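Descriptive structure summary
What follows is each chain in one-letter form.
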2 protein chains.
Amino acid sequence: MDDVDIAGGIQRALSGFLDRQEQRLAAIGPELTEQVRAARDATSGGKRLRPSFCYWGFRAAGGDPALPILPAAASLEMLHVSALVHDDVMDSSDVRRGQPAAHRRFEALQRERSDKTGHGGDPVGFGVGAAILLGDLCLIWADELLHTSGFDAAALARAEQYFDAVRVEVTAGQYLDLVAQASGESDMDLALRVLRYKSATYTVERPLHIGAALAGGDDRLISSLSGYGVPLGEAFQLRDDLLGVFGDPALTGKPAGDDLREGKRTVLIAYAVDHASEIQLTEFNRLFGRPDLDDDEIQLLREILQDSRAVQACEELITDRTEDALDALDRAELADDTDDTARKALNDLAIAATSRVV
Amino acid sequence: MDDVDIAGGIQRALSGFLDRQEQRLAAIGPELTEQVRAARDATSGGKRLRPSFCYWGFRAAGGDPALPILPAAASLEMLHVSALVHDDVMDSSDVRRGQPAAHRRFEALQRERSDKTGHGGDPVGFGVGAAILLGDLCLIWADELLHTSGFDAAALARAEQYFDAVRVEVTAGQYLDLVAQASGESDMDLALRVLRYKSATYTVERPLHIGAALAGGDDRLISSLSGYGVPLGEAFQLRDDLLGVFGDPALTGKPAGDDLREGKRTVLIAYAVDHASEIQLTEFNRLFGRPDLDDDEIQLLREILQDSRAVQACEELITDRTEDALDALDRAELADDTDDTARKALNDLAIAATSRVV
């Protein structure tokens, strides 16, 4: 990987953009500072995976690094934050990246205000409403970031079809996830579709496409990038699902076993339900999705996931999918094949996105 | 007004667009049909005010009616539906246009599914989550409708700045509204800013700007349209606030006095609080914003609004603002001044948007 500072460039693009938005919103009212501040915190940190794939998709298609690809790629981080903020409202998650989730942050703000004035409305309702609006702002801003990035109209028109696709796909994937959680059943087919649309295409394939389209990559290149991006995106999300159950809270920024308390119907869970013994299944159904699970109960669920070989099956899937991705990358004819910079970077990203430590 | 069928054209554009989205989403899963169906119902009906202003802004700037202005204008209806769906979640409103609000519709769907399978998650949570996602989809689709409408890249680039502005303004206005409701106090300055950003610029001024920009209207024309659009938008929302308290449920599609139960801190309410007697104010504070208000209590609140002259003040404001708008329209140099079609249509729209009957 060459020494381009993707994380730094993305951070500068986001900060500069939010500076401009803050000025614009100040004309509407000082209250809006609270929204911009929340957006700043929500867009700082994170692994910048989606912008990185966008950047390397651009380079793989022969894009000129002097063009404003990092500001354009930052739109994917803004889109991601929008999805996270709304997701946390829907899941009633309290914590995101080790900090209070956006709706909890606004709830605390309202509680503080009420305490000061001695009256005022329901802080929980305020928190949810304000977080819905923050997610809306980030969704709008994602689009504005892309089309004000500085690319010409022709490049933007090429990228737009993929940007439209990814926004709809991730929202549709979220809906499938909601249906899966609400069903109270595990269904491998549905879990696989959630994996694909809520996360895989959105994290890897579409960011690559958007970058490649901005560079003017042709259909063959776009298709090669899918060969790498789709299996890698799935491997990434399978890893994320394992970390949601077994990950170290210090690294994931989420409480231990949070996905078990939320009752997330992932591929891991669907596999366990399909392969658990009758006794394991009874125990599993008794505990899974209970918000008040204690450490022992979490440990018990983890053991069922191990003993039913669901963990092993996921690890094998991760290995297979990552290998498929790397094979496809090897075979792909990239536009910068003279020095293989993009290929090497995409190779490293595949390892980073699927490794056992976040 | 010439005999262009704006409502019909908007309906066709929305239906055709949702047909294409339905096909696209079917590839992700049959579950998504529920979202498209909800979007179809949410985008049918309504007065099509925003697309109408967009259309006549386009014509006022000399735009060729053979261009795809109705599909482009339909993006504003889609944006409006996004705002309504999220607004109903934030306000916990049960009814919209005489039908269950989107979150209630999804809640009922989940209840039905749970009854059938005998198990399943919380219908209320599912309803809220699904409605947040429906609003997200409509927000994304608003943008896609505009940039796939068929206008060339230069026209779209001109319109985009106004489209960016209106999306951010309406979201910022919603946040001001949330802050106003949560404050538990009435504040005329805040109520006026909510009036302006949550509704006025978004309903009239920006749709005119987007239409004019698509037609290539110059800065002077854009500014003339603001002279008409800003006061008219305010008059429109003041009328809407009065209808929210005094309107006939059969016409408003909302239960009688719904805004009083929700505790909406409108200009009408701020005026009443500023001018009520001490006895009226005590009574007002005891009742306003209580979700369980009965008919007699609603009637009592209405009398306080009448007796404090808040209603009269709002009626006078509506008259003044509408006159200001019509004066500005008279003075404006429109691009189709040969036959005055746009001027007449905008004149009629001003009357329709501010009259006592919806």
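Note that this is a predicted model, so its numbers are computed, not measured.

**Section: the interface of chain B and chain A**
The interface of chain B with chain A comprises 55 residues on the first partner and 55 residues on the second. At the junction of chain B with chain A, the criterion picks out 4 salt bridges. In this structure, A:Asp143 engages B:Arg167 in a salt bridge whose closest nitrogen and oxygen atoms are separated by 2.8 Å. Counting across the chain B and chain A interface gives 16 residue pairs in polar contact (both at pLDDT 80 or more). Listing elements by their share of the side of chain B that touches chain A, those giving two or more residues are helix H1 (6–26), helix H2 (33–43), helix H4 (69–91), helix H5 (102–117), helix H6 (123–147), helix H7 (153–183) and helix H8 (188–214) of chain B. Considered class by class, the residues forming the side of chain B that touches chain A number 28 nonpolar, 14 polar and 13 charged.

**Remarks on the relation of the copies chain B and chain A**
The operation linking the two copies of the chain is a rotation about an axis combined with a translation along the axis. Mapping chain B onto chain A is achieved by rotating through 180° and translating by 0.0 Å along the same axis, at an RMSD of 0.0 Å. In the structure described here, the two chain copies are related by an operation that fits a two-fold rotation axis. If distances are taken from each C-alpha of chain B to the rotation axis, the shortest is found for B:Ala153, at 3.1 Å.

**A few points about the packing of helix H8 (residues 188–214) of chain A against helix H9 (residues 219–246) of chain A**
Residues and elements named next belong to chain A. Contact geometry for H8 and H9: axes closest at 8 Å, N-to-C directions at 145°. Crossing of H8 over H9 shows right-handed handedness. Taken together, the residues of the contact of H8 with H9 sort by class into 14 nonpolar, 7 polar and 4 charged.

**Some details on the packing of aromatic side chains**
If you walk through the whole model with that rule in mind, you get 14 aromatic pairs over all chains. Ring geometry for B:Tyr55 versus B:Trp56: centroids 4.8 Å apart, planes at 90°, classification edge-to-face. Both residues of the pair, B:Tyr55 and B:Trp56, belong to the buried class. Among the aromatic residues, those joined into a ring-pair cluster are A:Phe106, A:Phe126 and B:Tyr175.

**Looking at the packing of helix H12 (residues 267–275) of chain A against helix H15 (residues 310–331) of chain A**
Residues and elements named next belong to chain A. At a closest axis distance of 8 Å, the pairing of H12 and H15 adopts a crossing angle of 135°. One element, H12, and the other, H15, form an angle in the oblique class. As for the relative orientation of H12 and H15, their crossing is right-handed in sense. From H12, Val 267, Leu 268, Tyr 271 and Ala 272 reach across to H15, where they touch Ala 310, Val 311, Ala 313, Cys 314 and Leu 317. Taken together, the residues of the contact of H12 with H15 break down into 9 nonpolar, no polar and no charged.

**Considerations on the nonpolar core**
Judged by nonpolar contacts, the single largest core of 186 residues is most densely connected at A:Leu214, A:Tyr228, B:Leu214 and B:Tyr228. B:Leu214 has contacts with B:Phe58, B:Ile69, B:Ala72, B:Phe151, B:Ala155, B:Leu156, B:Arg158 and B:Ala159, leaving out every residue within four places of it along the chain.

**Brief notes about the pattern of salt bridges**
All names here are of chain A. This structure, assessed with the given rule, holds 54 salt bridges over all chains. Ionic pairing is found between Lys 264 and Asp 177, a salt bridge with its closest N-O pair at 4.0 Å. Within this pair, whereas Lys 264 is found in the loop between helix H11 (258–262) and H12, its partner Asp 177 is found in helix H7 (residues 153–183), the two being separated by 87 residues in sequence. The exposure class assigned to Lys 264 is buried, which follows from its relative accessible area of 16%. As a salt-bridge pair, Arg 290 and Glu 297 come within 3.4 Å of each other at their nearest N and O atoms. The partly exposed category is assigned to Arg 290, whose relative accessible area is 27%. When salt bridges with common partners are traced through the structure, they connect Asp 87, Asp 91, Asp 177, Lys 198, Glu 262 and Lys 264 into a single cluster.

**A few points about the environment of A:Gln312**
Residue and element names in this part refer to chain A. Along the chain, Gln 312 turns up in helix H15. Gln 312 sits in the partly exposed class, given a relative accessible area of 34%. Considering only alpha carbons, one finds Gln 312 and Leu 243, 69 residues apart in sequence, at a separation of 14 Å.

**Considering a negative patch on the surface**
Residues and elements named next belong to chain A. On the surface, Glu 316, Asp 320, Glu 323, Asp 324, Asp 327 and Asp 330 cluster together into a negatively charged patch. Take Asp 330: it is sitting in helix H15. Asp 330 sits in the exposed class, given a relative accessible area of 57%.

**Considerations on the state of the cysteines**
Residue and element names in this part refer to chain B. The final tally for this structure, using the stated rule, is 0 disulfides over all chains. Unpaired in this structure, Cys 54 has its nearest cysteine sulfur neighbour in Cys 138, at a distance of 18 Å. Judged by its relative accessible area of 0%, Cys 54 is buried. Look at Cys 138 and you get buried, because its relative accessible area is 0%.

The rules behind these values
Residues numbered from 1 in each chain as written. Chains lettered and ligands numbered in written order. Predicted model: local features only at pLDDT ≥ 70, side-chain atom pairs only at ≥ 80, totals over all residues. Heavy atoms only, no water. Contact = heavy atoms within 4.5 Å. Salt bridge = Lys/Arg side-chain N within 4 Å of Asp/Glu carboxyl O. Polar contact = N/O pair within 3.5 Å; in protein donor to acceptor, adjacent residues only side chain to side chain. Helix = DSSP H or I, 4+ residues; strand = E, 2+ residues; numbered from the N terminus. Nonpolar A, V, L, I, M, F, W, Y, C, P; charged D, E, K, R; others polar. Least-squares fit on C-alpha atoms with pLDDT ≥ 70 in both. Axes fitted to C-alpha atoms, helices over the stretch in contact; angles between N-to-C directions. Left-handed = near helix turned anticlockwise from the far one by under 90°. Phe/Tyr/Trp six-rings, centres within 6.5 Å; stacked < 30°, edge-to-face > 60°. Buried < 20%, exposed > 50% of the residue type's maximum accessible area, 1.4 Å probe, protein only. Parallel < 35°, antiparallel > 145°, perpendicular 65-115°, else oblique. Core = buried A, V, L, I, M, F, W, Y, C linked by side-chain atoms within 4.5 Å. Patch = residues over 30% accessible without salt bridge, like charges linked within 9 Å, V, L, I, M, F, W, Y side chains within 5 Å. Areas by Shrake-Rupley, 256 points an atom, 1.4 Å probe, with all protein chains shown as cover. Lys, Arg positive; Asp, Glu negative; His and termini not counted. Charge placed at Lys NZ, Arg CZ, Asp CG, Glu CD. Disulfide = S-S within 2.5 Å.

Bear in mind that shape data such as this cannot, by itself, settle questions of function.
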